[in-house]
Each structure stands twice: as C-alpha cells, then as structure tokens.
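The chain contents come next:
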Amino acid sequence: MEDMGFDLHVHTTASDGKLAPEEVIRLALDLGLEGLSITDHDTVNAINPALEFISRRRISLQLIPGIELNTEAGANEIHILGYYLDHNNELLLLKLQELKRSRDERAYKIVARLEELGLPLDLDRVREHARGEVVGRPHIADAMIEKGYVRSREEAFEKYLDKGRPAYVSRYKFPPREAIELIKRCGGLAVLAHPGLIDDPNLVAEIISMGIDGLEVYYPQHSDEQTSYYLRLAEENGLLITGGSDFHGPDEGNKLGAVQIGRSSITAMQKRLHSS
Ligand code: AMP
Ligand code: ZN
Ligand code: FE
Ligand code: FE
C-alpha cells in the first residue's frame, strides 16, 4: 500500500511516554504503520521488550532500535537521535547509567526548588510516575498535575520547568559531540532531532560539522518553510532525511504516525550504515 510508512520518533514508558513498549507496537500495527523507531530519552530499555513482543506475536512491523540523547550546547538544548545502534553495547549502557543518575539528582533539586516556591511534591511519587525508569521533567509535571498545581504538562513547563522559569535546574553536561560519537561507536547513525526547534543556523552548522548523519526534516512542529529549508540543507550536505511524530501518548500532543517517511528513506539509512 502506498500510504504506509515509518514513524522514526516515538517515546514509551521507558522514558516519558504514556504507553508501554507493547502498547506502542499494538497501536502502530492498528494504524497500519510499516515500521517505527522507539527513541526514548537517554534509555534503550524499551527496545528488547518491544523486539520480544514483535517476535512472540509474529507481528509484521519493522522496529528500528533507537534513542534520543538530550544534550546541551551552551544555552541550547540539543536532541540527538540514534538509529540502528547496538542497544546492548556495554559502553552505551554504562553511559546511560551515568545519565540516569544525573537525572535522579536533577529531579531531587527541582522538587526542592518547587518546595521553596510553596509547591511541595513527594519525590517518591515523581519516581512512581517515571515507573522506576529514566526520570524527566514531564514526570515532575505529572506529579504537579496530580496535586492540582497545574492542569497539563505544557502548563507545568510554561510556568515552572522550562529554561528561564523558577524551578528550572540545568543538567549534567553532555555535549552533542559526545552523543554523536557514542552513537557512532555503537554502530548507529546520528540524526539531529527537530532542528526547527533550535532555529539557529550557526548552531545547526556546527552540529553538521561534528559529523551528524542526518536531519529530522519532517516533524509536526516544523513550518512548511522550515521543512523546505532543512530539506535543502540536508541535500546540500549529503545528509539523511528522517522524520517522526515525537509521540508521547494518545493524550499528549502529536499522534503516533502524525509524521511518516517512506521506505526509500529507510533504504538510504541502511545504505549509509553499510558504507561508513
Ligand atoms: P528532560 O528530559 O527532563 O530535560 O525534559 C525534557 C522533555 O520534556 C522533552 O524532551 C519533552 O519530551 C518534554 N517537554 C519539553 N517541553 C515541554 C512542554 N512545553 N510541554 C510538555 N512537554 C515538554
Ligand atoms: Zn519526551
Ligand atoms: Fe526531542
Ligand atoms: Fe522526543
């Protein structure tokens, strides 16, 4: 069928998504997707359960192992997607453990900050929202919603958690260059996530010079202008063109499959993997 495609940017409960890996697979199947990549923030914990579910149920869906590494360059948050990386690589798992610890510390500091602001939260409750996995600000937002402090994750970010807001705490420094190197050392392709959210041509150029393999050209929050701009930029630099929905759950913004790319893009990724 012509309209079947791949969604290459999907979160699960292993990070801040609302659906378990198995539920995401089932939904992708219901939607008629040809394949997807699970790209959780700083974790690959969903990949093996998803692969096992697919093989146990003999589901005909292509799962590309992925990750989204949250990095910082100066004042900017840069997300680096990794595809086809060896998700069982020891070096990767070690680094991810370090990132998880720094996230735990950060959550503790944010909760302390919120307490000073008169918005006390139970840190254990935040951890429960994270289901013992990677803790992110969205889980703090979930605990705030439960307490009635805010109505949505968006509101929590806008009022308290975003950079420049009163409960913002910066993270352990993880530069994009290191993330790109780590992905490549694990045999994967590194792709700059949602470049339109950075929207700084110098910074994007700098990341391209670090050896990025591709740009996430197709993204729900990209304007048509941004899409054509990054499409041209990718073509000019011989980079892969990818896309995905950044799905976090049925009631959390972008729908699964909201952005799909065709099989030819997947073929181009595989070709680049084998030529590098
Ligand atoms: P953290 O991983 O703790 O730095 O949190 C960043 C993550 O929170 C992002 O990758 C998004 O998934 C989510 N996020 C960022 N901004 C918002 C927002 N305005 N509303 C809801 N979720 C957001
Ligand atoms: Zn997220
Ligand atoms: Fe992101
Ligand atoms: Fe994402």
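Each remark here, short or long, concerns the structure printed above.
So, a few notes on the structure that sits alongside this text.

## Section: the side chain of His129
Move 1: Here His129 lies in helix H4 (residues 123-129).
Move 2: By relative accessible area, His129 is classed as buried at 17%.
Move 3: Not counting the four nearest positions on each side in its chain, His129 is found in contact with His139, Asp142, Ala143 and Glu146.

## Quick look at the site of ligand 1
Move 1: Not every one of the 13 residues close to ligand 1 is listed here, only the nearest: His41, Arg103, Arg106, Arg137 and His248.
Move 2: Within the backbone of Arg137, an N or O atom sits 2.7 Å from an oxygen atom of ligand 1.
Move 3: Listing elements by their share of the shell around ligand 1, those giving two or more residues are helix H3 (90-116), helix H5 (137-146) and helix H6 (153-161).
Move 4: When residues in the shell around ligand 1 are grouped by element, the largest group, three residues, is from H6.
Move 5: Along the lines of polarity and charge, the residues of the shell around ligand 1 split into two nonpolar, five polar and six charged.
Move 6: Looking at which domains feed residues into the shell around ligand 1, each of domain 1 (31-95 + 173-275) and domain 2 (101-161) supplies at least three.

## Concerning the coordination of the iron ion (ligand 4)
Move 1: Looking at the iron ion (ligand 4), the protein donor atoms are His9 (NE2), His11 (NE2), Glu68 (OE) and Asp246 (OD), and they sit 2.1 to 2.2 Å from it.
Move 2: Taken together, the four donor atoms coordinating the iron ion (ligand 4) span angles of 80 to 167° at the metal, a pattern that classifies the geometry as irregular.
Move 3: Written as a sequence motif, the donor arrangement for the iron ion (ligand 4) is H-x1-H-x56-E-x177-D.
Move 4: Between the iron ion (ligand 4) and the zinc ion (ligand 2), a separation of 4.5 Å is found. You can see His9 sitting in strand S1 (residues 6-10) and its partner Asp246 sitting in the loop between strand S7 (240-243) and helix H10 (263-275), a full 237 residues away along the chain.

## What to know about the sheet that holds strand S3 (residues 62-73)
Move 1: Strands sit in the order S1-S2-S3-S4-S5-S6-S7 across an open sheet of seven strands; the sheet is mixed. Where the open sheet ends on each side, the last strands, each with one partner, are S1 and S7. Neighbour-to-neighbour, the strand axes of the sheet open up by a mean angle of 35°, direction not taken into account.
Move 2: Where S1 meets strand S2 (residues 35-38), three bridges bridge the pair, whose relative direction is parallel. Looking at S2, one finds that Phe6 is bridged to Gly35.

## Brief notes about the environment of Ile212
Move 1: Here Ile212 is to be found in the loop between helix H8 (201-209) and strand S6 (214-218).
Move 2: Given a relative accessible area of 2%, Ile212 falls into the buried group.
Move 3: For the pair Ile212 and Ala156, spaced 56 residues apart in the sequence, the C-alpha separation amounts to 32 Å.
Move 4: Dropping the residues within four chain positions of it, Ile212 is found in contact with Ile80, Ile180, Ala190, Val191, Leu192, Ile207, Leu239 and Arg272.

## A look at the packing of aromatic side chains
Move 1: All chains considered together, the criterion is met by one aromatic pair.
Move 2: Here the aromatic rings of Tyr229 and Tyr230 are separated by 4.9 Å at their centres, their planes lie at 80°, and the arrangement is edge-to-face.
Move 3: A relative accessible area of 35% places Tyr229 in the partly exposed class.

What counts and what doesn't
- Residues numbered from 1 in each chain as written.
- Chains lettered and ligands numbered in written order.
- Predicted model: local features only at pLDDT ≥ 70, side-chain atom pairs only at ≥ 80, totals over all residues.
- Heavy atoms only, no water.
- Helix = DSSP H or I, 4+ residues; strand = E, 2+ residues; numbered from the N terminus.
- Buried < 20%, exposed > 50% of the residue type's maximum accessible area, 1.4 Å probe, protein only.
- Contact = heavy atoms within 4.5 Å.
- Near = heavy atom within 4 Å.
- Polar contact = N/O pair within 3.5 Å; in protein donor to acceptor, adjacent residues only side chain to side chain.
- Nonpolar A, V, L, I, M, F, W, Y, C, P; charged D, E, K, R; others polar.
- Domains from an automatic or database assignment.
- Donors = N, O, S within 2.8 Å, 3.2 Å for Na, K, Ca; no water.
- Tetrahedral: all angles 85-135°; square planar, octahedral: opposite > 155°, others 65-115°.
- Pairing = 2+ DSSP bridges.
- Axes fitted to C-alpha atoms, helices over the stretch in contact; angles between N-to-C directions.
- Phe/Tyr/Trp six-rings, centres within 6.5 Å; stacked < 30°, edge-to-face > 60°.

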